[in-house]
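Residue strings, one per chain:
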Amino acid sequence: FVRGRLYSLGPENATRRHINDCTLLFDKLGKLSEQKRFRTDPRKCIILAYEKLGDLLSTEITGNDGEEGRILTIEAGRAHFEMGFSLAEKRCWKSAITHWEKSKELLVASLGMIEFVAAIL
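Residues numbered from 1 in each chain as written. Predicted model: local features only at pLDDT ≥ 70, side-chain atom pairs only at ≥ 80, totals over all residues. Heavy atoms only, no water.

Trainee: I tried to follow the packing of aromatic side chains on my own but got confused; where do I start?
Mentor: Aromatic rings considered in pairs are described by the distance between their centres and by the relative angle of their planes. Scanning the model with the defined rule gives one aromatic pair in all. Pairing phenylalanine 81 with tryptophan 100 gives two aromatic rings, centres 6.5 Å apart and planes at 40 degrees, and the pair type is tilted. With phenylalanine 81 in helix α4 (residues 66–89) and tryptophan 100 in helix α5 (residues 93–111), this pair connects stretches of sequence that are 19 residues apart. Judged by relative accessible area, which is 44%, phenylalanine 81 ranks as partly exposed. On the basis of relative accessibility, which here comes to 29%, the residue tryptophan 100 falls in the partly exposed class. (Phe/Tyr/Trp six-rings, centres within 6.5 Å; stacked < 30°, edge-to-face > 60°. Helix = DSSP H or I, 4+ residues; strand = E, 2+ residues; numbered from the N terminus. Buried < 20%, exposed > 50% of the residue type's maximum accessible area, 1.4 Å probe, protein only.)

Trainee: Whenever I open this one, the pattern of salt bridges confuses me. Can you help?
Mentor: Pairing of side chains with opposite charge becomes possible as their charged atoms draw close. The full count for this structure, using the stated rule, is six salt bridges. Between glutamate 12 and arginine 16 there is a salt bridge, with its nearest N and O atoms 3.6 Å apart. Here glutamate 12 and its partner arginine 16 are both found in helix α2 (residues 11–34), four residues apart, which amounts to about one turn of the helix. Judged by relative accessible area, which is 15%, glutamate 12 ranks as buried. Where salt bridges share partners, they join Glu12, Arg16, Arg78 and Glu82 into one cluster. (Salt bridge = Lys/Arg side-chain N within 4 Å of Asp/Glu carboxyl O.)

Trainee: Help me understand the nonpolar core, please; the structure alone is not making it clear to me.
Mentor: Generally speaking, nonpolar side chains in soluble globular proteins are found buried as a group. Grouped together as the largest cluster of nonpolar side chains are 21 residues, with contacts concentrated most on Leu6, Ile46, Tyr50, Leu53, Leu57, Met83 and Leu87. Every element with two or more residues in this core is listed here: α1 (2–9), α2, α3 (42–61), α4 and α5. (Core = buried A, V, L, I, M, F, W, Y, C linked by side-chain atoms within 4.5 Å.)

Trainee: Would you take a moment to explain unusual backbone geometry for this structure?
Mentor: Peptide bonds are mostly trans, and most non-glycine residues show a negative phi. In the Ramachandran plot, arginine 91 falls in the positive-phi region, its phi being about 60 degrees despite a non-glycine side chain. Within the secondary structure, arginine 91 sits in the loop between α4 and α5. Arginine 91 gets classed as exposed once you look at its relative accessible area, which sits at 56%.

Trainee: Would you take a moment to explain the packing of α3 against α5 for this structure?
Mentor: Any two packed helices are characterised by how steeply their axes cross, that is the angle between the axes, and by the distance between the axes. Between α3 and α5, whose axes approach to 11 Å, the crossing angle comes to 15 degrees. With respect to their mutual orientation, α3 and α5 come out roughly parallel. When you trace α3 past α5, the crossing you get is left-handed. Where α3 approaches α5, its residues Ile47, Tyr50, Glu51, Ser58 and Ile61 are matched on the opposing element by Ser95, His99, Lys102 and Leu106. Class assignment for the residues of the contact of α3 with α5 results in four nonpolar, three polar and two charged. (Axes fitted to C-alpha atoms, helices over the stretch in contact; angles between N-to-C directions. Parallel < 35°, antiparallel > 145°, perpendicular 65-115°, else oblique. Left-handed = near helix turned anticlockwise from the far one by under 90°. Contact = heavy atoms within 4.5 Å. Nonpolar A, V, L, I, M, F, W, Y, C, P; charged D, E, K, R; others polar.)

Nothing here speaks to function; it is geometry throughout.
Written as structure tokens, this is what we have:
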């Protein structure tokens, strides 16, 4: 399902949709676990969902060279940043930092350190 989203929407748009869906699922699981009707930890669920998307993003950018590969790498870096931000909002700090580090790695590899710092500022 997620792979189909990546192919049809592209990395950034697919990630935004995935984050929206995971946020809704997180909220619903939180309410169910408060009512003792569901025992799954919503944080573990969202972490696993984002890990899967991150793995698929990595698979998509491998083997692409040239300008297209560079663009895909930049989009994957932005997608990892958005996933990290979403995880931080849910206080999943360790996983958020992992996604931010991957984002930095991909963006610096594609843009260079100067452009990366300029984008942050």
